Amino acid sequence: MHGAGNDYIYVNTLLYNIPDPEKASIEWSKPHFGIGSDGLILIGEATQEDADYSMRIFNNDGSEAMMCGNGTRCVAKYLHDKGITDKNPIRLQTLSGVKILNLHLNDEGLVETVTVDMGEPQLHQPAQFDESAGDTLKADFRSFRGTFVSMGNPHFVTFVDDIDKIDISKYGKILERDEAFPQRCNIEFAQLTGIGEVRTRVWERGSGITWACGTGACATAVASFLTGRTDRKARIVMDGGVLEIEWKETDNHIYMTGPAAISFEGEINLPE
């Protein structure tokens, strides 16, 4: 499945046990040798009373992620369209808390888009970001001024003038592992392209360049508002599609709306 091009392999662990998800994510995510994806997402039972189901996310390098905004929407589509639940909204347990998913259906009764309550952005996360580093980082003799935002996972959003020309792979790889980020970091390169519209490209921690990142879109919208580029609503245009983000003043929560789609279904053996 994919949300705006951010593609993961989804396994329903209510039916299938994955004893070593780290290894499975590495092996299955390999292009040419596996399915090829940004990683592996496991759909399972909730272990908290205030949640309906759970989600675990593994990047294609085997590391476990705290949160995946695009992934939550796809999980909601899977649970609804497969007839596993008729709840709307769905409360989904993640490592960064329970997320509330509001489903928007098409004329056939299938999930077309989902609005996710992503919770409150955190601007001060000492465990994830060494604030003494300031807001400017260097990579290969180039300086990047940016804003740190945590959406349950860490993001560094930097605005550039040449987003279509900048070497995302080169600079993203360096910035991800900057000493300012003890737990590594997702890097968003952004550029204001219109009123309320921001073009964003993503270097995702543990996965590299991805076509979209839900939490990254939220972090970009926060950074855009804080730097006076947009108001509290923004269209975030990523390589794989558009996400609508609103940072509500009433509750300080971020609301993300975007598509979810099934690419294909199949069977694969567990890695040996």
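Quick caveat: nothing in here was measured; it's all calculated off a predicted structure. (Residues numbered from 1 in each chain as written. Predicted model: local features only at pLDDT ≥ 70, side-chain atom pairs only at ≥ 80, totals over all residues. Heavy atoms only, no water.)

Peer 1: Got a minute to help me understand the overall build of the protein in this structure?
Peer 2: Counting secondary structure elements, the protein contains four helices and 18 strands. The C-alpha radius of gyration computed for the protein amounts to 18 Å, which stays within 12% of the reference 19 Å derived for 272 residues, consistent with globular compactness. The principal-axis extent of the C-alpha atoms belonging to the protein is close to 50 × 45 × 35 Å. For the protein, with 272 residues in total, the buried portion stands at 50%. Surface exposure of the protein reaches about 12,600 Å², of which carbon and sulfur atoms provide 47%. Placing the 25 positive and 41 negative side-chain charges of the protein at their respective mean positions leaves the two points 5 Å apart. (Helix = DSSP H or I, 4+ residues; strand = E, 2+ residues; numbered from the N terminus. Rg over C-alpha atoms; globule rule 2.2 N^0.38 Å. Buried < 20%, exposed > 50% of the residue type's maximum accessible area, 1.4 Å probe, protein only. Areas by Shrake-Rupley, 256 points an atom, 1.4 Å probe, with all protein chains shown as cover. Lys, Arg positive; Asp, Glu negative; His and termini not counted. Charge placed at Lys NZ, Arg CZ, Asp CG, Glu CD.)

Peer 1: Just checking my understanding: could you explain the side chain of R73 for this structure?
Peer 2: Within the secondary structure, R73 sits in helix 2 (residues 69–81). At 11 Å, D38 is the nearest oppositely charged side chain to R73, a buried residue that forms no salt bridge. Within the local environment of R73, its side chain forms a polar contact with the backbone oxygen of G258, the two atoms lying 3.1 Å apart. (Salt bridge = Lys/Arg side-chain N within 4 Å of Asp/Glu carboxyl O. Polar contact = N/O pair within 3.5 Å; in protein donor to acceptor, adjacent residues only side chain to side chain.)

Peer 1: Explain the environment of T113 here, please?
Peer 2: Summarising the element assignment, T113 is placed in strand 9 (residues 111–119). Separated by 85 residues in sequence, T113 and W28 place their C-alpha atoms 27 Å apart. Beyond its immediate chain neighbours, meaning those up to four positions away, T113 contacts N102, L103, H104, T257, G258 and P259. (Contact = heavy atoms within 4.5 Å.)

Peer 1: Explanation requested: helix 1 (residues 21–29) in the structure shown.
Peer 2: The periodicity of an α-helix, 3.6 residues per turn, causes residues three or four positions apart to be oriented the same way. Those residues of helix 1 that sit buried are P21, A24, S25, W28 and S29. All buried residues of helix 1 fall inside an arc of 105° around its axis, so they share one side. Against the buried residues of helix 1 lie strand 3 (9–12), strand 4 (39–45) and strand 5 (53–59). (Arc of directions from axis to C-beta.)

Peer 1: Help me out: how do you make sense of unusual backbone geometry in this one?
Peer 2: Excluding glycine, a negative phi dihedral is what most residues carry, and trans is how most peptide bonds are arranged. That bond from N88 to P89 is cis: its omega, 15°, falls within 30 degrees of zero. Topologically, P89 is positioned in the loop between helix 2 and strand 7 (90–94). Positive phi is not limited to glycine here, since A4 has a value of about 55°. If you trace the backbone, A4 turns up in the loop between strand 1 (2–3) and strand 2 (6–7). Accessibility expressed as a relative area gives 4% for A4, which makes it buried. You will see that R184, though not glycine, has its phi angle at about 65°, which is positive. Inspection of the secondary structure puts R184 in the loop between helix 3 (168–176) and strand 13 (186–194).

Peer 1: Sorry, what's going on with the environment of G5 here?
Peer 2: Following the sequence through the fold, G5 ends up in the loop between strand 1 and strand 2. Along the primary structure G5 and E176 are separated by 171 residues, whereas in three dimensions their C-alpha atoms are 21 Å apart. Those residues in contact with G5, other than ones at most four positions away along the chain, are D38, W211 and G240.

Peer 1: Looking at this model, I keep getting lost on helix 4 (residues 214–226). Mind explaining?
Peer 2: Under the 1.5 Å per step criterion, the end-to-end length of helix 4 is 19 Å for 13 residues, consistent within 8% with the ideal 18 Å. Burial within helix 4 is extensive, with eleven of its 13 residues counted as buried. Those residues of helix 4 that sit buried are G214, T215, G216, A217, C218, A219, T220, A221, V222, A223 and S224. Directly beyond the C-terminal end of helix 4, a positive phi value near 75° is found at G228. (Expected span 1.5 Å × (residues − 1).)

Peer 1: Honestly, the pairing of strand 5 in this entry has me stumped. Any pointers?
Peer 2: Regular strands place their side chains on alternate faces of the sheet. Taken across its seven residues, strand 5 has six buried, putting it largely inside the fold. When strand 4 meets strand 5, the two strands line up antiparallel, connected through seven bridges. Residue pairing in the sheet places G44 in a bridge with S54 of strand 5. One ladder, built from two bridges, connects strand 5 with strand 7; its direction is parallel. (Pairing = 2+ DSSP bridges.)

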